[in-house]
Amino acid sequence: MASNNIAEETFEGGEFPFDDEDEQMVAGSNLGRKRLFSKELRCMMFGFGDDKNPYTETVDLLEDLVIEYIAETTHRAMEIGRTGRVQVEDIIFLVRKDQRKYARVKDLLTMNEELKKARKAFDEIKYVGNEGKLK
């Protein structure tokens, strides 16, 4: 029972025992920043078994983690190879030891090449079709 009294005293008046640094981090993470991936993250969370409408705070936290990961990976990639530039090879180098990430990167690169070829073939057919109409 004594621990409950301590907890009640700590939270009395609606204030939480945060340090000033914690408050600044929480306040600074949401100020003036547009949420870029909210819709996609909500869909992914639902696909992985969460509620159809997850808590906004959860989505925001997950988005903060995703953006932090992207920023860290980008900074690390900029330090590899040509300084100040991010190239595909740099990303591959960073994820080479994580088999799941490496396989996903390879799949996405292969799909990107296939899409490029398909677009090129479609544009050529379209161009040939338009050329015949002009004559």
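Residues numbered from 1 in each chain as written. Predicted model: local features only at pLDDT ≥ 70, side-chain atom pairs only at ≥ 80, totals over all residues. Heavy atoms only, no water.

**Overview of the overall build of the protein chain**
Put simply, the rule reads: Numbering of helices and strands starts at the N terminus; helices are DSSP runs of H or I of at least 4 residues and strands are runs of E of at least 2. Only protein chains enter the calculation, and the probe is 1.4 Å; a residue is then buried if its accessible area is under 20% of its type maximum, exposed if over 50%, and partly exposed in between. Here, Shrake-Rupley sampling with a 1.4 Å probe gives the accessible areas, and only protein chains in the shown set may cover a residue.
Across its full length, the protein chain holds 6 helices and 0 strands. Across the 135 residues that make up the protein chain, the buried fraction comes to 11%. When the accessible surface of the protein chain is totalled, it reaches about 12,000 Å², and 58% of it is carbon and sulfur.

**Notes on the packing of helix α4 (residues 56-79) against helix α5 (residues 88-95)**
Geometry of a packed helix pair, given as the angle between the helix axes and the separation of the axes. Note the cut-off: Here, axes are lines fitted to C-alpha atoms. For helices the fit covers the stretch in contact, and angles between N-to-C directions go from 0 to 180 degrees. For classification, angles of less than 35 degrees are called roughly parallel, those exceeding 145 degrees roughly antiparallel, those between 65 and 115 degrees roughly perpendicular, and all remaining angles oblique. If you view the pair so one helix is near and one far, a crossing is left-handed when the near helix is turned anticlockwise from the far one by less than a right angle, and right-handed when it is turned clockwise. Contacts between residues were defined by any pair of non-hydrogen atoms, one from each residue, lying within 4.5 Å. All residues other than Ala, Val, Leu, Ile, Met, Phe, Trp, Tyr, Cys, Pro, Asp, Glu, Lys and Arg, Gly among them, are scored as polar; the first ten of these are nonpolar and the last four charged.
Running from N to C, α4 and α5 point in directions that differ by 110°, and their axes come no closer than 9 Å. Classified by the angle between their axes, α4 and α5 sit roughly perpendicular to one another. Once α4 is placed against α5, the crossing between them reads as right-handed. Each of Thr73, Arg76 and Ala77 in α4 lies in contact with α5, whose residues at this interface are Asp90, Ile91 and Leu94. Per-class residue counts for the contact of α4 with α5 are 3 nonpolar, 1 polar and 2 charged.

**Some details on the packing of aromatic side chains**
Each pair of aromatic rings is reported with the distance of its centres and the angle of its planes. Stated formally: In this analysis, rings of Phe, Tyr and Trp, with Trp reduced to its six-membered ring, are considered paired at centre separations within 6.5 Å, and the interplanar angle assigns stacked below 30 degrees, edge-to-face beyond 60, and tilted for intermediate values. Only when the NZ atom of a Lys or the CZ atom of an Arg is both within 6 Å of the ring centre and within 35 degrees of the ring normal do we say a charge sits over the ring.
Under the definition given, this model contains 0 aromatic pairs. For Arg96, the ring lying beneath its charged end belongs to Phe93, and the centroid distance is 3.9 Å.

**Let's talk about the pattern of salt bridges**
What counts here: When a carboxyl oxygen of Asp or Glu is within 4 Å of a side-chain nitrogen of Lys or Arg, the pair counts as a salt bridge.
Evaluated as defined, the whole model comprises 5 salt bridges. The shortest N-O distance in the salt bridge between Asp60 and Arg35 comes to 3.4 Å. Remark: Arg35 occurs in the loop between α2 (20-30) and α3 (38-47) and Asp60 occurs in helix α4; sequence separation between them is 25 residues. Asp60 sits in the buried class, given a relative accessible area of 19%. A relative accessible area of 21% places Arg35 in the partly exposed class. Notably, a salt bridge pairs Lys116 with Glu113, separated by 3.9 Å at the nearest N-O pair. Remark: Glu113 and Lys116 occur in helix α6 (residues 99-134); sequence separation between them is 3 residues, near one turn of the helix. Classification of Lys116 by relative accessible area gives partly exposed; the value is 44%. Beyond isolated ion pairs, a larger network of salt bridges with shared partners links Arg35, Asp60, Glu63 and Asp64.

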